[in-house]
Amino acid sequence: MVLAGISDPSKWALPAAVIAICAFLTAVMRISYDSFAIFLLPLSREFGWARAETAGIYGAMMLCFGIGCPIAGRLMDHWGPRWTYVLGAVGLALGFWAARSSSALWQFYLAIGVCVGLSGALVGTVSHAALLARWFGANLTIAIAAAAAASGIGVLVFAPLLQWLIDADGWRWTYAMLAAVALGLAVILFALPWHRLGGPKTPVLARRAPPASGSDPVALSPPVTGARDAYRQTRFWALFGLQFLTAVSVFSLNPQIVALLVDHGFDPLASASAFGAAGFMGTAGLMVFGWLADRRGRTLALSLSFAMTIAGFAALGLVTVVSSWWLVGLFVLIYGPTFGARGPIVNGLIPRVFGRGPSLGLILGSVHMGLGLGAATGATLGGYLHDISGYRAVILVAIAASAAALTLYLSVGSVRKA
């Protein structure tokens, strides 16, 4: 489906390999961040930290992810994928290894918050989108979604595995294992033939020719926009705000999902498995919503995804009233497919709005700074709300932020019609 526009089958190999590499790195980045939901309770219990203090580590990590996104875009524009990815993998290894020997809150803020947060941005969505945009014109959203879909498999496999390792050998040994995996990844990334994988000057999958009449010239052939020009446009800040509000919604609750289930009587390993299952559902959801955005329009795809997120959070709210596995299953089935579903849609939208010039990576990263800032705000706010009012207040904020994000998208015509 993604490569259907390539007429010569001999040209499939490199674009397919690029998608596969981005998919694997997406899984690594996603579990590097989402694994904190597994570590949250062991850390807070061992050191006696309040939920706000512990969730603040995650908030710092996502804040640094946001700061790292434009850095990742800039590095991709000037250094290319080899050094951007290798630097990110080495940074992940250093951060996890430092966390292994940490015992004070500020040390975790530096190791996980700063080091893992910044490094994960380099092997994350912005770098992949900038690389895939060099290969794909049409079907870019589906290509990004195909790469992002691996995140669900990573969460499904690694969430229960990490919980098992923590139960068996403790969280310090588990962080050491993550460091070893990241370091091995850096070696592999350095050895890849990036002179062939880095992408052609003209995308292999070129845009379809515009119809003779009635087309949207902005959507089909956008002007190449520099980063400074983009920052002065309302649609840039609309996309930034969309990412910010979406992240506030998702990350105010995501780091606490496993803890919420454990606190309401569910087994820790089973809770981590449910969290992993929700991530796995996102694998299918990413592809479906990516296809829906390219074939039936981004408005339908985004509206449906936000509606399902809100309904899923409502189901999780009912779990705080009735500790029932069928409610947990309902949450997984409804919320799971939206797990990261908006990212590929926004990433595919940015080149349509601002063109594919030499500043595309920086523009992508700047928009995704909104995601990092929103995630940091959401995670920190969610921790404080839990300490003050419990999980239900967190869920209400998550629902309200999703509704606000959809409202923002629908209200800005230059983004909605692009």
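Residues numbered from 1 in each chain as written. Predicted model: local features only at pLDDT ≥ 70, side-chain atom pairs only at ≥ 80, totals over all residues. Heavy atoms only, no water.

Caption draft 1: Looking closely at the nonpolar core. Residues Phe36, Phe108, Ile112, Leu132, Tyr175, Leu261 and Ile350 are the most contacted members of the largest nonpolar core, which totals 132 residues. At 10 residues, helix 19 (residues 360–389) tops the list of elements feeding residues into this core. Sequence-distant contacts of Leu261, defined by excluding residues within four places in its chain, comprise Phe266, Ser271, Ala274, Leu316, Val319 and Val328. (Core = buried A, V, L, I, M, F, W, Y, C linked by side-chain atoms within 4.5 Å. Buried < 20%, exposed > 50% of the residue type's maximum accessible area, 1.4 Å probe, protein only. Helix = DSSP H or I, 4+ residues; strand = E, 2+ residues; numbered from the N terminus. Contact = heavy atoms within 4.5 Å.)

Caption draft 2: Representation of the pattern of salt bridges within the structure. One pass over the structure, following the stated rule, counts 2 salt bridges. For Asp263, the salt bridge identified is with Arg51, shortest N-O distance 3.5 Å. Of this pair, Asp263 sits in helix 14 (residues 257–263) while Arg51 sits in helix 3 (residues 51–78), and the two are 212 residues apart along the sequence. Since its relative accessible area comes to 9%, Arg51 is described here as buried. (Salt bridge = Lys/Arg side-chain N within 4 Å of Asp/Glu carboxyl O.)

Caption draft 3: Local environment of the packing of helix 7 (residues 140–148) against helix 18 (residues 342–354). At a minimum axis separation of 8 Å, helix 7 and helix 18 run at an interaxial angle of 145 degrees. The interaxial crossing formed by helix 7 with helix 18 has right-handed handedness. Listed contacts from helix 18 to Leu140, Thr141, Ile144, Ala145 and Ala148 of helix 7 are Pro344, Ile345, Asn347, Gly348 and Pro351. Its residues assigned to classes, the contact of helix 7 with helix 18 shows 7 nonpolar, 3 polar and no charged. (Axes fitted to C-alpha atoms, helices over the stretch in contact; angles between N-to-C directions. Left-handed = near helix turned anticlockwise from the far one by under 90°. Nonpolar A, V, L, I, M, F, W, Y, C, P; charged D, E, K, R; others polar.)

Caption draft 4: Quick peek at the packing of aromatic side chains. Under the defined criterion, the tally for this structure stands at 23 aromatic pairs. Here Phe39 and Tyr175 contribute two aromatic rings whose centre-to-centre distance is 4.0 Å and whose plane-to-plane angle is 5 degrees, an arrangement assigned as stacked. Here Phe39, found in helix 2 (residues 36–47), pairs with Tyr175, found in helix 9 (residues 171–191); they are 136 residues apart in sequence, far enough to count as distant. Of the two residues, Phe39 and Tyr175, both sit in the buried class. Measuring from centroid to centroid gives 5.5 Å for Trp83 and Phe190, while their planes differ by 65 degrees, and the two rings are edge-to-face. (Phe/Tyr/Trp six-rings, centres within 6.5 Å; stacked < 30°, edge-to-face > 60°.)

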